[in-house]
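Chain residues, written in single-letter form:
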Amino acid sequence: MIRLFTAEDSKEVVELWYEASVIAHDFIEASYWQEKKADMEQIYIPNSETYVYEKEKHIVGFVSLIENYIAAIFVAPSEQGKGIGKELMQFIKQKRSTLELGVYVKNINSIAFYEKEGFVVVEEKIDESTGEREVVMEYK
């Protein structure tokens, strides 16, 4: 079910990222995420170590790593709450002994998920591109 990303997955992964981002970050204009789609497809995803969660030949989740940093972990809105995020997290915990990520303070559902997964807040800062407060969380 979890496998390494291939170039053929790109469009499906970016659409999943966009749909989930708009919902999870409803405190940021949807146009911001729309403007980031090309960068996700052409820069961020190709330059990270990405794994996809496939179900019935459709990608329903993915996680992207840059060394020990979780650059992205997203589950399709229709598949959330079914354990996919937890499985992706367990998968990458087997690959890395320490992990770090950034998450917006207003994204309380994600923060709760990360805390359940053993992450702790180590820093708070402002995301320059959105002006939103975010926390850096770490897993060891």
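The preceding data block contains the structure.
Residues numbered from 1 in each chain as written. Predicted model: local features only at pLDDT ≥ 70, side-chain atom pairs only at ≥ 80, totals over all residues. Heavy atoms only, no water.

Some words on the nonpolar core
Ranked by size, the top nonpolar core spans 22 residues in total, and within it Ile70, Ile92, Tyr114, Phe119 and Met137 carry the most contacts. For this core, the secondary-structure elements that each account for two or more residues are β2 (49-55), β3 (58-66), β4 (69-75), α3 (84-93), β5 (99-104), α4 (108-116) and β7 (133-139). Top contributing element to this core by residue count: α3, with 5 residues. The contact partners of Tyr114, leaving out residues within four places of it in the chain, are Ile73, Met89, Leu101, Val103, Phe119 and Met137. Counting residues in each nonpolar core, the second largest holds 19 residues, with Leu16, Trp17, Phe74 and Ala76 among its members. (Core = buried A, V, L, I, M, F, W, Y, C linked by side-chain atoms within 4.5 Å. Buried < 20%, exposed > 50% of the residue type's maximum accessible area, 1.4 Å probe, protein only. Helix = DSSP H or I, 4+ residues; strand = E, 2+ residues; numbered from the N terminus. Contact = heavy atoms within 4.5 Å.)

Quick notes on the side chain of Glu117
Within the element layout of this structure, Glu117 appears in the loop between α4 and β6 (120-126). Those residues in contact with Glu117 that lie beyond four places of it in its chain are Lys86, Met89, Gln90, Lys93 and Tyr139.

Considerations on the environment of Tyr114
Checked against the element boundaries, Tyr114 lands in helix α4. Along the backbone, Tyr114 and Lys11 are 103 residues apart, and their C-alpha atoms lie at a distance of 27 Å.

Quick look at unusual backbone geometry
At Lys57, a residue that is not glycine, the phi angle is positive and equals roughly 65°. Looking at the secondary structure, you find Lys57 in the loop between β2 and β3. Overall, the relative accessible area of 75% leaves Lys57 in the exposed class.

Points about the pattern of salt bridges
Counted by the stated rule, this structure contains 13 salt bridges. The partner of Arg3 in a salt bridge is Glu54, and the shortest N-O contact between them spans 3.1 Å. Of this pair, Arg3 sits in strand β1 (residues 2-4) while Glu54 sits in strand β2, and the two are 51 residues apart along the sequence. Exposure remark for Arg3: the relative accessible area of 26% places this residue in the partly exposed category. By relative accessible area, which is 27% here, Glu54 ends up partly exposed. A salt bridge links Glu117 to Lys93, with the nearest nitrogen and oxygen atoms 2.9 Å apart. Of this pair, Glu117 sits in the loop between α4 and β6 while Lys93 is found in helix α3, placing the two residues 24 residues apart along the sequence. Take Glu117 and Lys93: they sit in the same class, and that class is buried. In the salt-bridge network here, residues are joined through shared partners; they are Arg3, Asp9 and Glu54. (Salt bridge = Lys/Arg side-chain N within 4 Å of Asp/Glu carboxyl O.)

Section: the pairing of β5
Across 2 bridges, β4 lies against β5 in parallel orientation. Residue Ile70 lies in a different strand from β5, and its bridge partner there is Leu101. Following the chain from β4 across α3 to the adjacent parallel β5, one finds a crossover that is right-handed. For β5 and β7, the ladder comprises 6 bridges, and the chain directions are antiparallel. For Val103, the partnering residue across the bridge sits in β7 and is Val135. (Pairing = 2+ DSSP bridges. Right-handed = clockwise from strand over helix to strand, strands pointing away.)

That is the geometry; function is a separate question.
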